[in-house]
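Structural characterization, general
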Amino acid sequence: MSLYTPKFQKTHQAARIFVISDSVGETANRLIQAALAQYPNLSSPEIKNFPFIDNETDLKSILKDALAQDAIVVSTLVSPELNRIIKATAQHEQLRHIDFLSQMIHLIQDQTGIEPILKSGALHALDEDYFDRVAAIEFAVKYDDGKNPQGFLKSDIVLLGISRTSKTPLSMYLANKSYKVSNLPLIPEVTLPPSIYKVPAEKIVGLTASPNYIMKIRAERVKLMGVTTTTSYNDLERIKKELSYAEELYAQLGAMVVSVENKSIEEVAQIIEQNRQN
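To keep things clear, this report deals only with the structure shown in the data block. Keep in mind that what you see is a predicted model, and the values were worked out from it rather than measured. (Residues numbered from 1 in each chain as written. Predicted model: local features only at pLDDT ≥ 70, side-chain atom pairs only at ≥ 80, totals over all residues. Heavy atoms only, no water.)

Let us look at the side chain of Asn148. Within the element layout of this structure, Asn148 appears in the loop between helix H5 (128-142) and strand S6 (157-161). Take Asn148: its relative accessible area is 15%, and that puts it in the buried class. If near-sequence neighbours (up to four positions away) are discounted, Asn148 is found in contact with Asp58, Lys142 and Tyr143. (Helix = DSSP H or I, 4+ residues; strand = E, 2+ residues; numbered from the N terminus. Buried < 20%, exposed > 50% of the residue type's maximum accessible area, 1.4 Å probe, protein only. Contact = heavy atoms within 4.5 Å.)

Structure follows, in structure tokens:
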């Protein structure tokens, strides 16, 4: 097992653990819980999960945070290159790290002479439906609200829409049906990520509603924040401008356009699914 444990002086009691996986990360979490069970008096262990890590940029950013927070890094990655990056960081930067997967893979290969398939999440093939759903939910959280443009090209469905068109709840509902969904809020003044133009048109769904409908929802939102006057957020003319921008973009991208007005999340999801089947 690739394990590097520098000799640190103990500075705090709470355990801080980063779990890095190219799939859901359940394998690592089970082993961590087994280890933590040996410390019944340990106060508030903090576990941060980083699923679907498949590139050097994301990995190095996580390792930088782990070093800054003095965290233990637990990894289950099948990529030899990503494993080399973690191992080098552990050795050169005194990062606490344990690799739960690589050495066992190498030992089996040495004994049998069979090359591993190096496929992420291969264990979960035994219960594909359940784990597909878990993976889709993790995916939806990671790529919600345009946080990471890399998700668009990996998605089954990409939802676009101005604020208050139900992008996030719809993403989560579809994720529970095992669709990998990302979403992007549309703001006329904000430049779109280039990757959105590379997504196949049949995967893009543009969400819309009437200006008055959006205005009423936003007004309620503003009221909850303690603001009683009209702001640019719930101004009708501003909303019309946003909707016009969105409609032009949908036409440009060849997106399927779905109105969310007076529809439940379930109804909108059904429309999207029916369109995918046609």
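It is worth spelling out helix H8 (residues 236-253) at this point. Its 18 residues place the ends of H8 26 Å apart at the C-alpha level, agreeing with the 26 Å of an ideal helix rising 1.5 Å per residue. By the burial criterion, the buried members of H8 are Arg238, Ile239, Glu242, Leu243, Ala246, Leu249, Tyr250 and Leu253. The buried residues of H8 all sit within an arc of 135° when viewed along its axis, so they share a single face. Seen from the buried face of H8, the exposed residues on the opposite side, beyond 90 degrees, are Glu237, Glu248, Ala251 and Gln252. The opening residue of H8, the one whose side-chain oxygen lies 3.3 Å from the backbone nitrogen of Glu237, is Asp235. Where H8 terminates, the next one or two residues include Gly254, which has phi positive at roughly 70°. (Expected span 1.5 Å × (residues − 1). Arc of directions from axis to C-beta. Polar contact = N/O pair within 3.5 Å; in protein donor to acceptor, adjacent residues only side chain to side chain.)

All right, on to helix H2 (residues 56-68) then. Taking 1.5 Å per residue, 13 residues should reach 18 Å; H2 reaches 18 Å between its end C-alpha atoms and fits that length. For H2, every residue scored as buried is listed here: Asp58, Leu59, Ile62, Leu63 and Ala66. Take H2 and look down its axis: the buried residues cluster within an arc of 130°, on one side only. Across from the buried face of H2, at angles greater than 90 degrees, the exposed residues are Thr57, Lys64 and Ala68. Its side-chain oxygen 3.2 Å from the backbone nitrogen of Thr57, Asn55 forms the N-cap of H2.

Among the secondary structure elements, Ser155 is positioned in the loop between H5 and S6. With relative accessibility at 0%, the residue Ser155 sits in the buried group. Leaving out residues up to four positions away in the same chain, Ser155 has contacts with Phe139, Lys180, Val181, Ser182 and Lys203.

All right, on to the nonpolar core then. Judged by nonpolar contacts, the single largest core of 34 residues is most densely connected at Leu160, Leu186 and Ile272. Going through the elements one at a time, S6, helix H6 (167-175), strand S7 (181-185), strand S8 (204-208), helix H7 (211-224), H8, strand S9 (256-259) and helix H9 (265-277) are the ones with two or more residues in this core. Broken down by element, this core gets its largest block of residues, six residues, from H8. The contact partners of Leu160, leaving out residues within four places of it in the chain, are Lys167, Leu184, Leu186, Ile196, Ile204, Val205, Gly206, Leu207, Leu249, Tyr250 and Leu253. Within the second largest apolar cluster, 15 residues are counted, among which are Ile53, Leu63, Ala66 and Leu77. (Core = buried A, V, L, I, M, F, W, Y, C linked by side-chain atoms within 4.5 Å.)

Right, let's get into the packing of aromatic side chains. If you walk through the whole model with that rule in mind, you get three aromatic pairs. Geometrically, the ring pair formed by Phe52 and Phe139 is edge-to-face, given 6.5 Å between the ring centres and 75° between the ring planes. Of this pair, Phe52 sits in the loop between strand S3 (46-50) and H2 while Phe139 is found in helix H5, placing the two residues 87 residues apart along the sequence. Considered together, Phe52 and Phe139 belong to a single accessibility category, that of buried residues. Taken together, the aromatic side chains of Phe52, Phe139 and Tyr143 make up a single cluster linked through ring pairs. Positioned over the ring face of Tyr233 is Arg218, at 4.7 Å from the centre of the ring. (Phe/Tyr/Trp six-rings, centres within 6.5 Å; stacked < 30°, edge-to-face > 60°. Lys NZ or Arg CZ within 6 Å of the ring centre and 35° of its normal.)

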